[in-house]
Amino acid sequence: MPDALNEPTGRAATTASTPGERTPDERTSPSPAPTGPVPVAPAASAGLETAVPAGPVPAAPAASHAAPEFPTPPTRAAGGVGTPHLPGGVGSSPTRPDAEAKVNGTFDYASDLDFPGMLWGHTLRSPHPSARLRAIDTTTARAMPGVAAVLTAADVPGKLHYGLIEADQPVLALDQVNYEGEPVAIIAAETLDLARRAAELIDVDYDILEPACDPEEAVAAGNWFRCQPVRLGDPDAQTPAAVVTRDYVVGMQDQAPLGPESGAALPTGDGGIELYVATQWVHSDLEQIAPCLGLEPDRIHMAIAGIGGAFGAREDLSVQVHMAMLALATGRPVKMMYDRAESFVGHVHRHPARMRYEHAADADGKLLYVKARIVLDGGAYASTTEAVVGNAASLAVGPYEVEHVSIDAWGARTNNPPCGAMRGFGGVQTCFAYESQMDALAEVLGLDPLEFRRRNAVAQGSKLITGQIVDAYDPARADGGTPFSPLADMLGRFKDMPVPAVPTGRDIVELPGGTGNTTHGEGVRRGVGYGVGLKNVCYSEGFDDYSTAGIRLELVDGQTVAYVRTAAAEVGQGHWSLQAQIVRTELGADRVELLPNDTKAGSAGSSSASRQSYMTGGAVKAACEAVRELMRGHDLADGPIEATRVFRHRATKPMDPVTGQGESHVQLALCVHRATVDVDVELGLVKVVDLTCVQDVGKIMNPVALEGQIHGGSAQGLGLAVMEEMITAQGRVKNASFTDYLIPTILDMPPMRLRIVENADPEAPYGLRGAGEPPTLSSTPAIVAAIRDATGLALTQIPVRPEHLTAHFGRQP
Amino acid sequence: MRVEMRVDGEPAAAEIDRPGESLLTTLRDRLGRYGTKNACEQGECGSCTVLLDGDPVCACLVATAQCEGREVKTVVGAVPRPVRDAFIACGAVQCGFCTPGLLVSVADLLARDGDPNDVQIREALAGNLCRCTGYEKIIDAVHAAAELMSDGTPAPTRAHWITTPVVPSAANDATEAAP
Ligand code: FES
Ligand code: FES
């Protein structure tokens with residue numbers, strides 16, 4: 001096979017990894033950039049004139065109860081938007097259906113909901129990470145004018161607990177609180193201000209206990225949600241040429257979506273309730289809240305309201321049960337919206353991790369064995385820790401072949417804030433560790449870090465440490481008997497993207513410290529580093545993962561109009577656009593109308609695990625195909641055609657509880673980053689000056705949206721590398737604000753170069769691979785590797801803080 | 001206390017019962033103008049940026065009581081159409097929660113400087129957090145908007161080799177050779 005590191009450089013202009021294998025017609029790349037003045041937007045946005053929804057959600061949405069399965073004409077619930085006349089199928093970047101409303105300030109986010117006679121809900125939370133509840137006195141608060149209800153655990157109508165996987169989280173604290181910020185009581189009042197003041201009047205008698213905050217101690221004491229070992233071969237019987245053993249620490253990251261947790265609940269007057277909420281998976285919400293409210297699920301209608309970013313923070317319940325309880329208790333609409341400080345404790349975070357890794361290689365630079373002990377801090381309640389531990393264990397060595405493995409991954413139970421889903425989901429923590437290890441081992445071996453990775457990269461037919469066969473790459477691309485290795489190919493693509501030169505005459509804002517005017521270049525050193533990430537796409541370990549889509553094709557005023565009905569959450573990623581693109585490609589409809597995403601549609605599963613393009617994309621495609629089939633011999637003038645399809649990915653297996661073996665994942669996606677940094681080694685300030693990224697997406701569905709996913713995912717990885725950490729001390733969060741929890745600003749982000757590879761997955765719709773998460777994995781280790789390159793320090797903890805860089809100043813690490 | 005001001009060119013009056021009430025709260029919860037977003041109420045995110053007598057401010061940090069007789073412009077009234085078009089065309093809008101504040105900041109920047117370079121754009125937008133986009137396409141959009149507003153003069157070229165042409169975008173770096 002030709003050396004992937006020496007691939008010809010002339011290929012850069014194409015997005016495909018396999019030039020020549022597709023005809024030009026099959027290429028759906030956008031037309032070449034026009035010369036002269038660039039026509040911005042109007043072509044696509046012109047058709048939107050008639051569709052722009054204006055103003056807040058109309059009051060009295062109760063009528064939607066009577067709506068048929070496929071309401072025509074399409075109604076608009078919160079978040080629902082029509083998409084008339086937009087050109088562009090799969091592979092193009094049509095104007096987002098929600099873009100016009102978003103730039104006009106008329107898009108209805110969950111926090112913009114407004115109903116006549118609406119009350120405001122508020123949550124009283126525990127100030128203590130661990131305490132017994134002796135008594136709660138709500139009398140004074142109840143008596144306050146303007147207060148409509150004050151509810152505690154005693155008022156929960158049904159089941160007292162909920163949870164995404166395990167129902168262990170109290171709706172409201174019972175006799176004990178287990179983390180700082182645990183909901184204790186809820187209030188509904190005429191204004192938010194009044195509700196907050198009433199909360200201060202609630203008298204809670206706490207018996208304060210010593211919180212258990214050390215995850216290692218928790219594991220030792222048997223306080224854990226899951227332990228998942230992976231055993232393969234016999235690591236102890238090997239005789240390595242080089243061994244590297246290090247301890248790694250990953251801080252607690254927050255998703256920090258800009259839109260706060262919010263929603264509104266409306267009693268229907270007959271004992272039922274309607275909820276509008278910003279959520280990633282509305283059907284899972286319904287399943288969890290119905291038992292708590294003591295209502296049959298069919299008495300509850302839930303619709304997704306406009307979502308201001310999610311990143312995992314909207315997988316667990318937040319306001320849902322509380323506002324529903326308040327609305328049922330008062331008989332009035334109730335809105336809830338967290339402020340930023342409450343948001344920081346009102347959703348789960350990325351698990352902080354402590355990891356000990358031992359990597360060994362033989363003299364030829366082949367990995368011999370990997371041993372790892374991974375302890376993730378799940379905090380007080382289960383949330384999705386179980387699944388995160390599964391990912392951490394199964395992806396613990398990354399995309400490398402190794403025959404001898406001993407891994408133990410734990411999810412500890414402590415009195416720290418609960419942790420669960422965040423973009424990257426168990427893949428991020430271990431990626432930082434194994435990539436750091438790969439660099440360290442390459443250094444010991446005297447090998448170039450890319451060459452060392454290439455020698456160990458998985459290829460078609462390789463086995464992961466779980467025994468899962470890598471089977472989604474084109475066997476026909478084997479060369480001289482060597483199976484195709486997508487990773488080796490991707491690593492080779494950096495050859496023709498040189499590291500940027502240090503510019504002369506830099507503006508001071510381009511130096512570490514930026515406008516702080518801390519240096520004019522003295523003490524600034526440059527470094528370059530690489531990171532590779534391997535992420536599973538869709539739900540793993542035997543989960544029955546599916547999505548449902550309905551399509552109705554109809555003739556309206558001589559035009560074919562396709563109505564699309566799913567419950568998939570548009571969290572910002574562009575999923576609405578993608579659905580419309582698929583419908584245009586499959587049905588060639590004149591117009592595509594997206595109907596509201598609510599529980600009247602079948603479940604679409606969660607907008608997480610990079611799965612929505614695959615799953616709901618797959619369901620929409622399947623429904624379109626069914627409609628096409630029904631169209632044979634049918635004239636639309638005689639009536640509309642309708643089809644609903646449920647789409648499932650191939651089945652997966654649970655991991656063996658002792659050996660971790662099992663084909664647990666559906667699909668795997670790769671991303672490689674190269675970071676270039678400037679470090680002021682005297683002040684410990686880091687400036688990332690370039691991020692270059694090669695990602696395999698299988699099929700480019702929407703170039704602009706894809707780039708946006710890679711840019712945004714890389715930014716969150718940068719945040720974890722150098723700034724983002726929720727600091728806790730004895731279970732208390734110290735920095736619950738954007739003043740103290742820093743996320744990257746436009747000054748922190750470097751320019752990015754992207755090279756997209758399309759190694760189609762034959763199992764997936766259009767061959768696509770989930771794309772949202774992988775960049776979040778690989779940018780972090782790449783940046784830290786670059787800082788190591790600049791400073792010579794070992795740097796085993798993220799985020800890297802200035803003091804990590806200056807503590808060793810003048811000394812060898 | 002009654003405060004009268006102009007919001008997006010229309011007279012608007014609000015009854016304030018707390019002297020410290022922020023302009024953001026008044027706009028959203030009293031006047032029902034939800035275009036301006038609330039993401040922190042601490043002056044840290046820029047989602048609530050509006051023009052107050054032409055100057056960009058965080059509405060969450062301005063007391064409504066100080067706005068008597070003044071002119072407030074939000075995303076609805078402060079942003080020229082080409083800026084909006086550029087944001088749409090360049091993919092600068094994902095979840096869009098940062099967008100109203102960003103658009104106001106960009107409108108202000110372009111009113112001061114019709115042809116800002118990347119450094120100037122980054123400085124001007126440093127107070128507007130976006131969690132979704134990584135800011136690349138926002139910078140693209142500002143350049144595109146500047147071009148659209150400059151009566152057809154060719155756009156300033158990005159100082160670095162960003163991959164993304166303005167419209168249509170391509171998910172490759174075909175254009176990277178043109179610095
Ligand atoms: S809401 Fe005003 S700056 Fe964040
Ligand atoms: S687009 Fe989501 S915060 Fe900017």
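Residues numbered from 1 in each chain as written. Chains lettered and ligands numbered in written order. Predicted model: local features only at pLDDT ≥ 70, side-chain atom pairs only at ≥ 80, totals over all residues. Heavy atoms only, no water.

**Student:** Lay out the overall build of chain A in plain terms, naming residues and giving numbers.
**Tutor:** Of the regular secondary structure elements, chain A holds 17 helices and 29 strands. Burial status across chain A gives 65% buried among its 813 residues. Sequence separation of at least 24 residues holds for 82% of the intrachain contacts in chain A that already meet a minimum separation of 6. Accessible surface computed for chain A: about 26,400 Å², of which carbon and sulfur atoms make up 52%. (Helix = DSSP H or I, 4+ residues; strand = E, 2+ residues; numbered from the N terminus. Buried < 20%, exposed > 50% of the residue type's maximum accessible area, 1.4 Å probe, protein only. Contact = heavy atoms within 4.5 Å. Areas by Shrake-Rupley, 256 points an atom, 1.4 Å probe, with all protein chains shown as cover.)

**Student:** For the overall build of chain B, give the residues involved together with the corresponding values.
**Tutor:** The secondary structure content of chain B amounts to six helices and five strands. Overall, chain B shows an N-to-C arrangement of helices and strands of β-β-α-β-β-β-α-α-α-α-α. Across the 179 residues of chain B, 61% fall into the buried class. Within chain B, counting contacts between residues at least 6 apart in sequence, those at least 24 apart form 54% of the total. In the structure as shown, chain B presents an accessible area of about 6,100 Å², 49% of it carried by carbon and sulfur atoms.

**Student:** Explain the domain arrangement of chain B to me, using residue names and the numbers behind them.
**Tutor:** Residue and element names in this part refer to chain B. Taken domain by domain, chain B comprises domain 1 (2-74) and domain 2 (79-160). Once you take the C-alpha centre of each, domain 1 and domain 2 turn out to be 23 Å apart. Carbon and sulfur atoms supply 61% of the area buried between domain 1 and domain 2, which totals about 900 Å² over both sides. Area buried by domain 1 at its contact with domain 2 is led by Lys-37, Cys-45 and Thr-49, which between them contribute 39% of it. Remark: the boundary between domain 1 and domain 2 carries zero salt bridges. On the surface where domain 1 and domain 2 come into contact, there are three residue pairs in polar contact (both at pLDDT 80 or more). Sorting elements by how many residues they give to the side of domain 1 that touches domain 2 places strand β3 (residues 49-52) first, with three residues. (Domains from an automatic or database assignment. Buried area = accessible area lost by both parts, 1.4 Å probe. Salt bridge = Lys/Arg side-chain N within 4 Å of Asp/Glu carboxyl O. Polar contact = N/O pair within 3.5 Å; in protein donor to acceptor, adjacent residues only side chain to side chain.)

**Student:** Can you explain the packing of helix α10 (residues 427-445) of chain A against helix α11 (residues 449-456) of chain A? Please cite residues and give values.
**Tutor:** Residues and elements named next belong to chain A. Look at α10 against α11: their axes get within 9 Å of each other, and the N-to-C directions meet at 110 degrees. When the axis of α10 is compared with that of α11, the two are roughly perpendicular. Residues Glu-435, Met-438, Asp-439, Leu-441, Ala-442 and Leu-445 of α10 form the contact with α11, whose participating residues are Pro-449, Phe-452, Arg-453 and Asn-456. Residue composition of the contact of α10 with α11, grouped by class: six nonpolar, one polar and three charged. (Axes fitted to C-alpha atoms, helices over the stretch in contact; angles between N-to-C directions. Parallel < 35°, antiparallel > 145°, perpendicular 65-115°, else oblique. Nonpolar A, V, L, I, M, F, W, Y, C, P; charged D, E, K, R; others polar.)

**Student:** Would you mind going over the environment of Lys-102 of chain A in detail, with residue names and values included?
**Tutor:** The topology assignment puts Lys-102 of chain A in helix α2 (residues 99-104). The exposure class assigned to Lys-102 of chain A is buried, which follows from its relative accessible area of 2%. Other than its neighbours up to four places away in sequence, Lys-102 of chain A contacts Arg-96, Phe-107 and Tyr-109 of chain A together with Val-93, Gln-94, Cys-95, Gly-96, Thr-99 and Pro-100 of chain B. For Lys-102 of chain A, the side chain forms a polar contact with the main-chain oxygen of Gln-94 of chain B, separated by 2.8 Å.

**Student:** Which residues make up the nonpolar core, and what are the values?
**Tutor:** Tyr-357, Ile-374, Ile-407 and Ile-783 of chain A together with Phe-87 of chain B are the most contacted members of the largest nonpolar core, which has 184 residues in total. Among the elements that take part in this core, α10 of chain A stands out by supplying nine residues, more than any other. When near neighbours in sequence (up to four residues on either side) are disregarded, Ile-374 of chain A contacts Arg-354, Met-355, Tyr-357, Ala-392, Ala-396, Ile-407, Asp-408, Ala-409, Trp-410 and Thr-430 of chain A. One finds Ala-153, Leu-286, Leu-293 and Ala-568 of chain A within the second-largest nonpolar core, a separate group that totals 56 residues. (Core = buried A, V, L, I, M, F, W, Y, C linked by side-chain atoms within 4.5 Å.)

**Student:** Describe in detail unusual backbone geometry, supporting the description with residues and values.
**Tutor:** Trans is the prevailing form of peptide bonds, just as negative phi is the prevailing case for residues other than glycine. All names here are of chain A. Of note, the amide linkage connecting Ile-798 to Pro-799 takes the cis form, showing an omega dihedral of -5 degrees. In this fold, Pro-799 is placed in the loop between β29 (797-798) and α17 (802-806). Despite not being glycine, Phe-311 has its phi angle at roughly 60 degrees, a positive value. With respect to the helices and strands, the residue Phe-311 is situated in the loop between β14 (300-304) and α7 (320-330). Here the phi dihedral of Cys-538 falls at roughly 75 degrees; this positive angle occurs in a residue that is not glycine.

**Student:** Which residues make up the environment of Tyr-400 of chain A, and what values do they have?
**Tutor:** Residue and element names in this part refer to chain A. Following the sequence through the fold, Tyr-400 ends up in the loop between α9 (385-394) and β18 (404-412). For Tyr-400, a relative accessible area of 1% gives the class buried. Setting aside chain neighbours within four positions, we find Tyr-400 in contact with Leu-367, Tyr-434, Glu-435, Met-438, Arg-453, Asn-456, Ala-457, Val-458, Leu-487 and Val-532. At 3.3 Å, the side chain of Tyr-400 forms a polar contact with the side chain of Arg-453.

**Student:** I'd like a description of the sheet that holds strand β28 (residues 752-757) of chain A, backed by residues and values.
**Tutor:** Residues and elements named next belong to chain A. Spatial strand order, β19-β24-β25-β28: four strands in an open sheet with mixed pairing. The open sheet is flanked by β19 (524-537) and β28, the only strands paired with a single partner. Each strand axis lies, on average, 20 degrees off the axis of its neighbour in the sheet, ignoring direction. Taken together, the 14 bridges between β19 and strand β24 (residues 667-680) define a ladder with antiparallel strand orientation. Opposite Arg-526, over in β24, you have Asp-678 as the bridge partner. (Pairing = 2+ DSSP bridges.)

**Student:** So, the environment of Asp-638 of chain A: which residues are in play, and what are the values?
**Tutor:** Along the chain, Asp-638 of chain A falls in the loop between α14 (612-631) and β23 (641-648). Asp-638 of chain A sits 90 residues away from Thr-728 of chain A along the chain, and the two C-alpha atoms are 65 Å apart.

**Student:** Which residues make up the confidence of the model for chain B, and what are the values?
**Tutor:** All names here are of chain B. Of the residues in chain B, 84% have a pLDDT of 70 or more, and the chain-wide mean is 87. Across residues 153-179, confidence stays below pLDDT 50; counting only partners more than four residues off in sequence or on other chains, it has 84 contacts. Listed scores for the predicted complex are pTM 0.90 and ipTM 0.89. (pLDDT = per-residue confidence, 0-100.)

**Student:** Give a description of helix α13 (residues 575-587) of chain A that names residues and reports values.
**Tutor:** All names here are of chain A. For α13, built from 13 residues, the straight-helix expectation of 18 Å at 1.5 Å per residue is met to within 8% by its first-to-last C-alpha distance of 18 Å. Here α13 lies mainly inside the structure; twelve of its 13 residues are buried. Along α13, the residues that are buried comprise His-575, Trp-576, Ser-577, Leu-578, Gln-579, Ala-580, Gln-581, Ile-582, Val-583, Arg-584, Glu-586 and Leu-587. As for α13, its buried residues are in contact with β20 (546-556), β21 (559-565), β22 (591-594) and α14. Positive phi shows up at Gly-588, right after α13, with a value of about 60 degrees. (Expected span 1.5 Å × (residues − 1).)

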